[in-house]
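Structural overview
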Amino acid sequence: MRAGGRFGRTTCPLALTVAAVAAALLSAMPPSPVGPARAAPVEAVALAGAELIVSPADWWMPAGNATTLSAAWIDLPPGCVASPLWYRWTVSGGATVGFLNSTASENATFDAASAVSGTTTVRVRSAEVEQCGDRTTATVGTALANITVDAPLRLANLTAEPATVPVGVATAIEGAIYGGAPPYSVQVAWGDGTVTDGTVADPGEFRFPNAFPAGTFRPSLGITDSAGLTTGGAVDEEVSSSDTIAVGISGNASEVDTGTPVGFSPQVLDVPNGSFSGWSCGASGLTDPTLTPGLSNFSCAFSQAGAGSVVLEVLPVTLEPPVSGTLTVAVEPRPVLEAFPPTDGAEAGQPCAMDYAVQGGVPPFQLLWSVVGSSESGSLSVPTDGEFLLPLVPAGPGSLEVEARVVDSDGVSSSTTTTGLTVEPAMNVTTETSATVGPDNVTVGVEASVTGGAPPFLWVVTPDADPIDAVPEAGQLGSVGSIDWQGSYVEEGNVSGGLVVVDADGAWSSAPFDVPTVPALGGRGEVVSDGGAQPGGFELALDLTGGLPPFRVNVTASPGTRWNLTDLSDGIATWSLVAPAGGVVSISVRVTDALGASWNATRIVPIVPPTSVASGGASGGTGTPLEVAVVAGVVALSVGGTWGYLVLRRRRRTAPGPSVDAVAVLRDIIEPADGVDRSMVELLADEAGVPIEEAHATIDRLIADGTLRSQKDPDGGEILAWSVLS
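Description of empty space enclosed by the protein
Counted under the stated rule, the structure contains two cavities of 30 Å³ or more. By volume, the largest cavity is sized at about 40 Å³. Residue assignment for the lining of the largest cavity shows that the elements contributing at least two residues are β42 (522-529), β43 (537-545), β47 (583-592) and β48 (598-607). Here the second largest cavity is characterised by a volume of approximately 30 Å³. Lining of the second largest cavity is provided by T159, E161, G251, A253, S254, L327, T328 and V329. For the lining of the second largest cavity, the element with the most residues is strand β26 (residues 323-332), which contributes three residues. Classifying every residue of the lining of the second largest cavity by side-chain character gives three nonpolar, four polar and one charged.

Take a look at the structure:
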């Protein structure tokens with residue numbers, strides 16, 4: 001058998017160290033080139049995150065060599081660290097034979113052993129946990145490496161035709177080139193001191209002519225492919241160029257199967273008519289031919305593989321000494337086909353490959369194959385003997401039988417080989433999600449049922465927000481079954497993410513999830529003065545939605561009186577409270593739920609001064625519909641995200657009163673609010689005894705020294721807020 005073939009092997013061609021890998025978590029990967037009859041399944045897009053790369057991403061090597069591939073996570077944000085959870089390597093495309101010595105670590109060595117040239121794609125998948133300060137995220141990535149494999153460079157069927165020529169008449173050296181990387185550079189040394197340089201563009205047959213002087217010569221040639229691989233050889237029979245009597249043999253094949261007849265023709269110069277001639281052929285050596293008058297064509301079949309010799313002997317009638325010619329023919333055993341099915345089986349819908357090896361026969365070959373019990377069949381060209389792959393994509397689970405045979409260039413066929421595969425059901429992953437509300441958190445659950453595919457399974461959950469407790473984001477599943485993941489959150493709204501599952505045959509499932517937790521906290525509020533019925537009194541009404549009760553309600557009335565209230569459920573609640581002073585009062589409300597979410601609102605209302613300061617008790621009530629309205633001569637305004645009221649009345653001119661602390665007045669107006677319009681602040685300050693001009697100048701000064709924060713609102717106004725650092 002020539003280079004590339006192996007017999008007696010029982011393991012899958014694309015997965016070595018099966019026992020070791022299985023014991024280490026990840027089973028061996030079967031080959032997965034894309035089949036000729038169907039397209040490979042569409043693969044899910046990897047989830048966003050850091051980038052997975054493989055190095056080298058493109059590589060070339062001749063068959064028989066190996067290269068190590070390395071995977072790594074890159075482009076992490078500054079200060080972040082990636083911790084890979086698992087790696088899975090597979091050979092996922094192409095028809096060239098290759099072996100991965102490892103499938104479970106960041107490195108894998110690919111050994112090329114193909115008798116066919118081409119490109120093979122190696123895929124690596126990985127999941128990693130990315131730690132950035134207090135935030136942790138999980139990411140899944142895929143990277144590809146394209147490896148170009150050149151089959152061994154081989155020279156076949158090298159002959160010189162005709163081998164006997166008159167001086168000055170051209171003969172030609174003929175043969176075929178297989179493997180390597182075309183185009184090929186050829187240099188022919190004719191043996192007479194001359195050299196011819198030429199190019200063969202594609203694999204297959206070539207022919208270079210030459211005319212010789214008188215003499216006997218043995219041409220040879222050297223071949224160099226475009227990748228730098230070399231081979232060469234010399235013709236078996238000598239070329240005779242003569243002006244006198246000479247005898248040679250021409251055959252219609254230089255390589256033939258055992259038992260296949262091959263024809264030969266005499267090549268003679270200046271042999272007198274009526275001379276006697278005789279033919280002899282055998283496995284080796286020269287036998288005495290039976291001489292017959294005249295020269296004629298001859299055929300024979302060789303019964304033994306090896307070097308077959310053909311001899312033509314001529315006895316001239318002129319009684320000159322006898323002359324003879326000898327031709328050596330390569331006799332090959334009949335072709336034999338052997339199949340190596342994937343030892344780990346196959347998976348429905350996933351590319352796999354049947355590994356074959358052909359020994360003997362005369363190349364090139366045709367592999368004829370069919371799937372038993374279906375109409376699926378095809379042929380595959382194989383340029384030389386050795387090992388090669390037949391890509392397949394099983395359509396469904398069960399037992400799959402493939403019948404195959406090879407036919408060589410002489411038309412000799414091997415016996416039919418029937419090979420069975422066990423095809424596992426396609427990987428099927430269904431997910432269910434849940435959210436369980438506790439007293440101070442929400443537990444999000446993702447449960448997946450894996451009902452098909454090739455175990456073991458690797459999985460990872462990639463939530464878009466970190467849970468508050470430590471839960472494993474990844475794991476393994478030794479057989480079909482269930483995956484159960486839970487994480488506790490103190491977030492409102494939705495928790496989104498994805499579950500990614502990879503099986504041993506490289507099948508890949510990505511299922512997104514979006515789990516509603518607790519609706520976001522929100523609400524409406526209204527503050528109404530009692531209008532003098534109770535001096536200093538006002539009514540606070542809240543209509544809360546979403547959030548997780550109980551709610552803490554903190555109410556502040558300028559200039560600094562505070563109430564701590566409690567609301568046990570969503571809906572409308574009202575409280576009757578008494579403010580510390582009359583005039584224009586800023587009422588700020590902050591609601592915090594059990595998950596820590598908050599909602600804020602501010603109202604500015606005119607209140608009749610009380611005769612004494614007291615606080616009212618909280619009481620639940622239905623209240624009135626909470627909508628923006630005109631109440632007691634006050635118009636509701638939406639300012640910088642807060643609710644305020646602007647008094648609509650004509651200003652009176654009064655005699656100057658005692659001086660007022662402008663900073664204190666401004667602080668009482670601004671600080672309780674998250675942000676309030678500057679023009680309204682200046683008007684309210686003027687109502688409190690600070691002239692607008694003085695309020696304007698004081699605000700400018702407080703902005704300059706950092707006491708006040710100022711920003712533009714979308715409508716072009718200026719929003720003020722009291723600095724938390726002041």
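Brief notes about helix α2 (residues 662-670)
Here α2 has its buried residues at A662, V665, L666, I669 and I670. An end-on view of α2 places all buried positions within 120° of arc, on one side of the element. Taken together, the buried residues of α2 touch β47, β52 (676-677), α3 (678-687), α4 (692-704), β53 (708-712) and β54 (718-722). For α2, the capping residue at the N-terminal end is D661, with a side-chain oxygen 3.2 Å from the backbone nitrogen of V663.

Remarks on the side chain of D593
Checked against the element boundaries, D593 lands in the loop between β47 and β48. No salt bridge forms around the buried D593; measuring N to O, its nearest opposite-charge neighbour R552 is 7.3 Å away. There is a polar contact of 3.0 Å between the side chain of D593 and the backbone nitrogen of L548. Here the side chain of D593 touches G596 through a polar contact of 3.0 Å, landing on its backbone nitrogen. Not counting the four nearest positions on each side in its chain, D593 is found in contact with E492, L521, G547, L548, P550, F551 and R552.

Comments concerning the sheet that holds strand β32 (residues 386-392)
What the three strands build is an open sheet, ordered β27-β29-β32; its pairing is antiparallel. A single partner strand is all that each edge strand has here, and the edge strands are β27 (336-340) and β32. Here the strands of the sheet are splayed against their neighbours by 30° on average, with no regard to which way each runs. Looking at chain direction, strand β29 (residues 352-359) and β32 are connected through seven bridges and run antiparallel.

Re unusual backbone geometry
Note that the residue after S55, namely P56, is joined by a cis bond; omega there is -5°. Structurally, P56 is set in the loop between β1 (51-55) and β2 (58-62). Although it is not a glycine, D75 adopts a positive phi angle of roughly 60°. Along the chain, D75 falls in the loop between β3 (66-74) and β4 (80-93). Taking relative accessible area as the criterion, D75 reaches 58% and is therefore assigned exposed. Of note in the backbone geometry, D270 takes a positive phi value of approximately 55° without being a glycine. Tracing the chain through its elements places D270 in the loop between β21 (262-269) and β22 (276-282). Looking at D270, the relative accessible area reads 54%, which means it is exposed.

About the cut-offs
- Residues numbered from 1 in each chain as written.
- Predicted model: local features only at pLDDT ≥ 70, side-chain atom pairs only at ≥ 80, totals over all residues.
- Heavy atoms only, no water.
- 1 Å grid on protein atoms, 1.4 Å probe; cavity = no way out; pocket = protein on both sides within 12 Å on 5 of 7 lines; lining within 4 Å.
- Points joined across faces, edges and corners; volume = space filled by probe spheres on them.
- Helix = DSSP H or I, 4+ residues; strand = E, 2+ residues; numbered from the N terminus.
- Nonpolar A, V, L, I, M, F, W, Y, C, P; charged D, E, K, R; others polar.
- Buried < 20%, exposed > 50% of the residue type's maximum accessible area, 1.4 Å probe, protein only.
- Arc of directions from axis to C-beta.
- Contact = heavy atoms within 4.5 Å.
- Polar contact = N/O pair within 3.5 Å; in protein donor to acceptor, adjacent residues only side chain to side chain.
- Lys, Arg positive; Asp, Glu negative; His and termini not counted.
- Salt bridge = Lys/Arg side-chain N within 4 Å of Asp/Glu carboxyl O.
- Pairing = 2+ DSSP bridges.
- Axes fitted to C-alpha atoms, helices over the stretch in contact; angles between N-to-C directions.

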